[in-house]
Amino acid sequence: MSAPAKGVKTERKKRTLEDREKKKKAVKDESAEDKKPEREIKTVQKKKEPDEYDYDSSDEEDLRNTIGNIPVDKLNNIASGKYPVVGYNPYEPFLDIFSSEKSIHPIDNRPEPKARFIPSKDEMRIVSRMVHAIKMGWARGPKQKEEKKFYDIWAAEDAMDHKTKSELARMRMHMPAPKMPLPVHAESWEEAEPEDRTIQFIPQKYDALRKVPQYNKFITERFERCLDLYLAPRKIKMKLQVDPSDLLPDLPNPEDLRPFPTTLAFVSRYYHILNSLFMFIQSKRTHTK
C-alpha cells in the first residue's frame with residue numbers, strides 16, 4: 001500500500017474512535033441527569049426537621065421553663081387574666097408634668113392662624129349640596145323605627161283606648177239591627193180557614209213532646225232575616241236643634257235709619273195733670289164699691 005492510502009485509513013480510525021467516545025459521553029450525561037432527581041429526593045428525605053427546642057430566643061429563662069420560645073410564667077399570667085409581662089406594675093405613680101409646677105408663661109404662645117377665621121370653602125360646597133338635595137327632595141332623614149304595638153287581651157271590647165279614628169267613627173255611627181219580634185200564641189188560637197189565616201202556620205196536636213218534628217220553615221226564615229239585614233237600608237235621622245234667637249229677623253242698625261229726632265224740643269205739662277185726675281177718679285170708684 002502506498003503512503004497516502006495508509007494516512008487516510010489512520011484518519012478514519014481516529015474519527016471513528018472520537019465518535020464512539022462522544023456517544024459514550026452523551027449516554028453517561030443522560031444517565032446522570034435521570035439519576036439526579038432521585039439523589040435530590042433522597043437528600044431531602046434525609047434532612048432533619050428543625051426542632052423548636054433547638055434554639056432559645058429568650059436569655060432570661062431556661063429551655064426547661066418554656067413552651068416553645070414563650071416562658072411558662074407569661075402563659076400562666078395570660079391564662080389567669082394578668083399582664084403578660086412578669087413584674088409589671090400598672091399602678092405606678094403618675095408624673096404630672098404640666099400642672100405640678102406653676103409657670104408664668106404659657107406652654108404654647110403662638111398666635112392663632114388666619115385660616116381659623118376664614119370660612120372653609122370645602123364645607124361651604126358640602127353645605128350647598130346638602131341644601132340643594134333637601135330642596136329637591138333627594139335627601140331623606142333616617143327612617144324611624146316602628147314601635148311594636150301591644151294590646152291588652154283582657155281589656156273590654158268597647159274600650160276607647162288604642163282605637164284608630166276609623167274605628168271610633170264606626171263605633172259612633174253604629175246602628176244596631178232591629179230585633180226580631182218575640183213569638184206569640186196567635187198561631188194557636190186563630191180560628192180561621194187555612195186560606196184565610198194571616199199567619200202561614202197551621203197548629204197541630206201531638207201526643208208527646210218527643211213526637212214534635214223540627215220546624216220546616218226555620219232555614220227559610222233565617223235566610224229572609226239575613227236578606228233584610230243585608231239589603232234593607234238603615235238611616236240615622238238627625239233632629240233639628242234650632243235656637244229661637246236664630247228665627248228672629250236681623251234688626252237694622254240705628255245709624256242706617258237716620259235722620260230721626262234726637263233732642264227734646266218741648267214738654268207738655270197737661271199730660272201729668274190729666275194722669276193724676278184719672279188716678280184719683282179710679283181710686284174713688286174702688287172705695288164706693
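Residues numbered from 1 in each chain as written. Predicted model: local features only at pLDDT ≥ 70, side-chain atom pairs only at ≥ 80, totals over all residues. Heavy atoms only, no water.

Novice: For the pattern of salt bridges, give the residues involved together with the corresponding values.
Specialist: Taken as a whole, this structure holds 3 salt bridges when the rule is applied. A salt bridge links Arg-125 to Asp-122; the nearest nitrogen and oxygen atoms lie 2.8 Å apart. Taken together, the residues Arg-125 and Asp-122, both in helix H3 (residues 121–136) and 3 residues apart, mark about one turn of the helix. (Salt bridge = Lys/Arg side-chain N within 4 Å of Asp/Glu carboxyl O. Helix = DSSP H or I, 4+ residues; strand = E, 2+ residues; numbered from the N terminus.)

Novice: Could you give an account of the side chain of Asn-77, naming the residues involved and the relevant values?
Specialist: Note on placement: Asn-77 falls in helix H2 (residues 72–79). The contacts of Asn-77, once residues within four sequence positions are left out, are Lys-82, Tyr-83, Pro-84, Val-85 and Val-86. (Contact = heavy atoms within 4.5 Å.)

Novice: For the environment of Arg-225, give the residues involved together with the corresponding values.
Specialist: One can find Arg-225 in helix H6 (residues 218–231). C-alpha separation for the pair Arg-225 and Met-180, spaced 45 residues apart in sequence, amounts to 8.6 Å. With sequence-adjacent residues up to four places away left out, Arg-225 is seen in contact with Ala-177, Pro-178, Lys-179 and Met-180.

Novice: Explain a nonpolar patch on the surface to me, using residue names and the numbers behind them.
Specialist: Among the surface-exposed residues, Ile-273, Leu-274, Leu-277, Phe-280 and Ile-281 lie close enough to one another that they form a single nonpolar patch of about 510 Å² accessible area. Note that Phe-280 resides in helix H8 (residues 270–288). (Patch = residues over 30% accessible without salt bridge, like charges linked within 9 Å, V, L, I, M, F, W, Y side chains within 5 Å. Areas by Shrake-Rupley, 256 points an atom, 1.4 Å probe, with all protein chains shown as cover.)

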